[in-house]
Each structure stands twice: as C-alpha cells, then as structure tokens.
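# Fold and contact review
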Amino acid sequence: MRLFSTILAVAVICLAPTAGWCQLVPFFQDFEGLDQADPSALTADGWLVFANVFTPSGGYLYGYGPFPAPNGGPAFCGIDLGQGGLEQGEQQLVVYSDYNNTDHAVGNLIEANTFQEQMIGADDVGSTWLFQFDAKRGNIEGDSSALAFFKTLDPNAGYALTNFITVDMTSVSDTWNGYLLSIHIDPSLVGQILQFGFANVATNYEGSGVFYDNVDFVNLDDQCPDDEDDDS
C-alpha cells in the first residue's frame, strides 16, 4: 500500500511575494488564525490538493488536480478542533484520502496529496530549507499509509519529479511529536517547483487521517545566500 507516485500532472504555481533576494519565502501556519467554519480557509492560505489513482497492483490509472484545498468534508483535508496539546492550540490540520472517489469501492489505490508550493529562483541556490511540523495519529487504519514530503518538479521536462524527500507518517504515535525534513537548493533546481506537504494512500474507504500542526518552512540559515552582501 505504501505506493506514492512519481507521476504528476501540471501543477498550478502559487507564488508568494519575494523577500530579500530569495524567491523561496518562509511559511508558518499553526491554523489558529484560520476560520474553522469557512470552507475556503485552507484555499485562502495557499493549500492545494492533487490525487493519483493506481490499480491494486500499482499500475497508474489517472491523476486529477491540482485544486484549491477544501476545508472539511469527505475529500483530502480540513481544519479540526480540540486535537492539540499545549503547543498545538485549538485548531489543527487533518489530512486524509479523497473519499469522494468511488474507486475506493473497487479496490483501486487513491493517493491524496495536500501541499504548499513555491518556485525556486536563482538566488535560492546554496540555501537549505527545513520543513518542520508536529503530527499525531488520527484514524489511519488497515493498509492505509501516510507520509510528509518535499518534492521538486521540472516544468521544462514534463513536470518530472526531481526530488522526493519523505518521512513515513503511517505509524505515528497518538501523542504529538515533532518531525523534520530538509532540502538543499543546488543550481539544477532553478526554475523548478518546490512542494512541501502531506500525502496518504488508501482504498476500500479505510481510515487514513493524520493530524498536523505548527507547519514551518524555513531557511536553515534564516537568510538568503545573497543577504550577506545586501547593505540596504
């Protein structure tokens, strides 16, 4: 079941304003300031979703998205209440499968992705970025699997996947713990899309939920490589 695709359709590029010399910009979300009752809350915060579907033996069938991330309902993700500890507050992100997809009923594997994305610029070369977050187990069950990821995709090569850095979230504890991934930006990545987020694979309508909070995308050195030369 732990099948996560390297086949991705064309992604919508959501760019945040540049800061300093970097095109990549830090992102932090603890979900406390978002309206849990607003179905567009995650969309307004820049979250996207994408799904890939496979046969039970792993053959690729089709993909769909990217779409603005929903907040609640049977597909992909939502803001939940009351799952946090002292460091997570009242509101958290829960990520799960697309249960609107009826291929669940025939045993096909639904890979559901919930993520942020930015474009890598020339001035990002040499920087190292961290993706940090808290997580705890939701209703993930059966053969469902989950992970967190960095992905880079090359628009000039058919959106080929050039990096896929992951941490397995399938067996996370039912108490909150912190997790960390890192990616170093080298010259080959200029002009590519950087995604960071969460995914799961599920079928037969099995539970797949994992809770996340304190999502933090940050430059390891807290500065862009060229900032040291900027006297302005």
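Residues numbered from 1 in each chain as written. Predicted model: local features only at pLDDT ≥ 70, side-chain atom pairs only at ≥ 80, totals over all residues. Heavy atoms only, no water.

## Examining the overall build of the chain
Within the chain, the regular secondary structure consists of one helix and twelve strands. For the chain, the succession of helices and strands along the chain, N to C, is β-α-β-β-β-β-β-β-β-β-β-β-β. Partitioning the intrachain contacts of the chain with sequence separation of at least 6 by distance along the chain shows that 75% fall at a separation of at least 24. Of the accessible surface of the chain, which amounts to about 9,800 Å², a share of 51% is contributed by carbon and sulfur atoms. (Helix = DSSP H or I, 4+ residues; strand = E, 2+ residues; numbered from the N terminus. Contact = heavy atoms within 4.5 Å. Areas by Shrake-Rupley, 256 points an atom, 1.4 Å probe, with all protein chains shown as cover.)

## Side note on the environment of Tyr-60
Structurally, the position occupied by Tyr-60 is in strand 3 (residues 60-68). Each C-alpha atom, one on Tyr-60 and one on Asn-108, is 9.9 Å from the other, the two residues being 48 residues apart in sequence. Only 3.0 Å separates the side chain of Tyr-60 from the backbone nitrogen of Gly-63, close enough to count as a polar contact. (Polar contact = N/O pair within 3.5 Å; in protein donor to acceptor, adjacent residues only side chain to side chain.)

## Overview of the sheet that holds strand 2 (residues 48-54)
Taken in spatial order, the six strands line up as 3-2-6-11-8-9 in an open sheet, and their pairing is antiparallel. Each edge of the open sheet carries a strand with a single partner, namely strand 3 and strand 9 (160-168). Direction aside, neighbouring strands of the sheet carry axes that sit 25° apart on average. Examined bridge by bridge, strand 2 and strand 6 (residues 109-119) share seven bridges and lie antiparallel to one another. Across the sheet, the residue bridging to Phe-54 is Leu-109, located in strand 6. (Pairing = 2+ DSSP bridges. Axes fitted to C-alpha atoms, helices over the stretch in contact; angles between N-to-C directions.)

## Re the packing of aromatic side chains
For the structure shown, the criterion picks out 18 aromatic pairs. Judged by centre distance (6.0 Å) and plane angle (55°), the ring pair of Phe-27 and Phe-196 falls under tilted. Here the residue Phe-27 occupies a position in strand 1 (residues 27-29), and Phe-196 occupies one in strand 11 (residues 193-202), the gap between them amounting to 169 residues. With a centroid separation of 5.2 Å and an interplanar angle of 85°, the aromatic rings of Phe-133 and Phe-198 are classed as edge-to-face. Of this pair, Phe-133 sits in strand 7 (residues 128-137) while Phe-198 sits in strand 11, placing them 65 residues apart in sequence. Neither residue differs from the other here; Phe-133 and Phe-198 are each classed as buried. Joined through ring pairs, the aromatic side chains of Phe-27, Phe-31, Trp-47, Trp-129, Phe-131, Phe-133, Phe-150, Tyr-179, Phe-196, Phe-198, Tyr-212 and Phe-217 make up one cluster. The ring of Phe-149 is capped by Lys-151, whose NZ or CZ atom sits 4.5 Å from the centre of that ring. (Phe/Tyr/Trp six-rings, centres within 6.5 Å; stacked < 30°, edge-to-face > 60°. Buried < 20%, exposed > 50% of the residue type's maximum accessible area, 1.4 Å probe, protein only. Lys NZ or Arg CZ within 6 Å of the ring centre and 35° of its normal.)

## Focus: the pairing of strand 2
Strand residues, when the strand is regular, have side chains that alternate between the two faces of the sheet. Taken across its seven residues, strand 2 has seven buried, putting it largely inside the fold. Side chains Leu-48, Phe-50, Asn-52 and Phe-54 project from strand 2 onto one buried face, and the interleaved Val-49, Ala-51 and Val-53 project onto a second face that is buried too. Bridging between strand 2 and strand 3 involves six bridges; their strand directions are antiparallel. Bridge pairing in strand 3 places Val-53 opposite Tyr-62.

## A closer look at the nonpolar core
Soluble, globular proteins show a tendency: their nonpolar side chains are buried together. Leu-42, Trp-47, Phe-131, Phe-133, Met-169 and Phe-198 are the most contacted members of the largest nonpolar core, which has 43 residues in total. When near neighbours in sequence (up to four residues on either side) are disregarded, Phe-133 contacts Ala-148, Val-167, Met-169, Asn-177, Gly-178, Tyr-179, Leu-181, Phe-198, Tyr-212, Asp-213, Asn-214 and Val-215. (Core = buried A, V, L, I, M, F, W, Y, C linked by side-chain atoms within 4.5 Å.)

All we've got here are geometric facts, nothing functional implied.
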